[in-house]
Amino acid sequence: MKLESLCLHAGYSPENGQPRVVPISQSTTFKYASTAEVAKLFDLESAGFFYTRLANPTVDAVEQKIAALEGGVGALCTSSGQAASMLSLLNIAKSGDHIISTSNIYGGTFNLFAVTLKKLGIEVSFVDQTAADADIEALVRPNTRAFFGETLTNPSMDVLDIERFARLAHKHGMPLIVDNTFATPVLCRPFEYGADIVIHSTTKYMDGHALQVGGVIVDSGNFDWTGGRFPEFVEPDASYHGLVYTQAFGKAAYIIKARVQLMRDMGCCQSPQGAFYINQGLETLPLRMEKHCRNAERVAAWLAGHPAVESVNYPRLPGNPNKALADKYLPDGCSGVVSFSLKGGREAGARFIDALKLVSLQVHVADIRSCVLHPASSTHRQLTDAQLHEAGITPGMVRLSVGLENVDDIVADLEQALAQAGA
Ligand code: PLP
């Protein structure tokens, strides 16, 4: 099946007389006839649902659908995008290990990496994603476990050269983990360019309607965990009677380990109700992404021609430094997110946001309704000025998430707000 069909049909095929729509299995637990059957489930000798923290039929349907959309061997839904980022790394890194991440990532991910992982003893080095290969490789240490980056960076809207980062990671025996939240598998499938693991905040376009917070980790199944840097994959796991993940699960070793070890112990699972909402969003994802892209292209071009606007970050704009990468990795569009700076700086940006009527001020992005945010005073407010600069954010930058309204209405609102702001 092609992508549009997978969005509707992957993960759930009802039999005669069963519900057409994936049902919400609103149950924490599942009944079994004998202790022997339950023991087999606990020993991972047979597959089945037994407790919703580990797996649930509604969540499973969504996991299968997202795995199919990304072209992976399996997926694990999490309670948020943050939980997905965290588990994706904790699955391969422990205290004393090291990660290399691009610097212009989402502010919440930056905090997770720079503050919380550090407290857990995992050090993250940040690198400008346009740095030369040699400068990136110079950061690799014997204890480095992964490279991390975002397909389309939030909010600077730069495009990751996935093939280059995958090549560099693989050269040193490590996987590349890509946060594909803004692109979604509709616009880019990072596994096709060598990425090994993909994560998403499903809170964003996958849901698209601002209904639930969620995340997902998807495993390509392509990375060889037996290469030497990942003893946890080839040595016996005492918590499963000495099971060895690569031997027991082959290509699905990473994603099964994330579920049976980390989800079991950390418990940041998606709820059946939340998964149902994600599924609703996934069904129309291709239609919505196309319209988000076309609206954003119009808005970005209009902003670029406005005398009050200093700069516009949208990779599809002619002259944008990311244009060639966007043409390669995102040929159908670059999502609905456009960031821009006003000539009047921080104050003009604030006046402009306050004057908007249709476009609402929200700590959110990738919604069907247009919304706007000032990253320096919200999502990225913990960053120092130097870190802001590294993340590609100016103090006056406005992040606009172009929704599905008629684009003339969006432009008219921006126009009146710019005029009122005296920008
Ligand atoms: N990754 C990206 C690119 C994001 O934009 C966000 C949230 O804005 C996250 C991860 C974190 O996701 P969540 O808010 O679902 O925890």
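Residues numbered from 1 in each chain as written. Predicted model: local features only at pLDDT ≥ 70, side-chain atom pairs only at ≥ 80, totals over all residues. Heavy atoms only, no water.

### A few points about the domain arrangement of the chain
So, point 1. Its domain assignment divides the chain into domain 1 (10-281) and domain 2 (286-420).
So, point 2. Measuring from the centre of the C-alpha atoms in domain 1 to the corresponding centre in domain 2 gives 29 Å.
So, point 3. Of the roughly 3100 Å² buried between domain 1 and domain 2 on both sides combined, carbon and sulfur atoms contribute 63%.
So, point 4. When the buried surface of domain 1 facing domain 2 is broken down by residue, P155, L187 and Y205 rank first, second and third, together holding 25% of it.
So, point 5. Linking domain 1 with domain 2 are 1 salt bridge.
So, point 6. At the junction of domain 1 and domain 2, the tally comes to 18 residue pairs in polar contact (both at pLDDT 80 or more). (Domains from an automatic or database assignment. Buried area = accessible area lost by both parts, 1.4 Å probe. Salt bridge = Lys/Arg side-chain N within 4 Å of Asp/Glu carboxyl O. Polar contact = N/O pair within 3.5 Å; in protein donor to acceptor, adjacent residues only side chain to side chain.)

### A look at the pairing of strand β3 (residues 123-127)
So, point 1. Sheet topology note: the strand β2 (residues 98-102)/β3 ladder contains 5 bridges and is parallel. Looking across to β3, one finds that S101 is bridged to F126.
So, point 2. Regarding topology, helix α5 (residues 107-119) serves as the crossover connection from β2 to the parallel β3, and that connection is right-handed. (Pairing = 2+ DSSP bridges. Helix = DSSP H or I, 4+ residues; strand = E, 2+ residues; numbered from the N terminus. Right-handed = clockwise from strand over helix to strand, strands pointing away.)

### Comments concerning the sheet that holds strand β9 (residues 337-342)
So, point 1. Taken together, 5 strands build an open sheet; the order of strands is β8-β9-β12-β11-β10 and the sheet is mixed. Where the open sheet ends on each side, the last strands, each with one partner, are β8 (309-313) and β10 (360-361).
So, point 2. Relative to strand β12 (residues 397-401), β9 runs antiparallel, the two sharing 5 bridges. Paired with V337 across the strands is S401, a residue of β12.

### As for the layout of surface pockets
So, point 1. Looking at the largest pocket, its volume works out to about 700 Å³.
So, point 2. Lining the largest pocket are 31 residues, with A47, G48, A55, R259 and V260 sitting closest to its centre.
So, point 3. Where the lining of the largest pocket is concerned, the elements lending two or more residues are α2 (35-42), α3 (57-70), β1 (74-78) and α11 (253-266).
So, point 4. Top element by residues in the lining of the largest pocket is α11. It accounts for 5 residues.
So, point 5. Broken down by class, the residue content of the lining of the largest pocket amounts to 18 nonpolar, 6 polar and 7 charged. (1 Å grid on protein atoms, 1.4 Å probe; cavity = no way out; pocket = protein on both sides within 12 Å on 5 of 7 lines; lining within 4 Å. Points joined across faces, edges and corners; volume = space filled by probe spheres on them. Nonpolar A, V, L, I, M, F, W, Y, C, P; charged D, E, K, R; others polar.)

### As for empty space enclosed by the protein
So, point 1. Throughout the structure, instances matching the rule amount to 1 cavity of 30 Å³ or more.
So, point 2. If you go around the largest cavity, you meet 14 residues; those closest to its centre are T52, L54, V59, E63 and R259.
So, point 3. Every element with two or more residues in the lining of the largest cavity is listed here: α3, β1 and α11.
So, point 4. Per-element tally for the lining of the largest cavity: the top contributor is α3, with 3 residues.
So, point 5. In terms of residue class, the lining of the largest cavity is built from 7 nonpolar, 3 polar and 4 charged.

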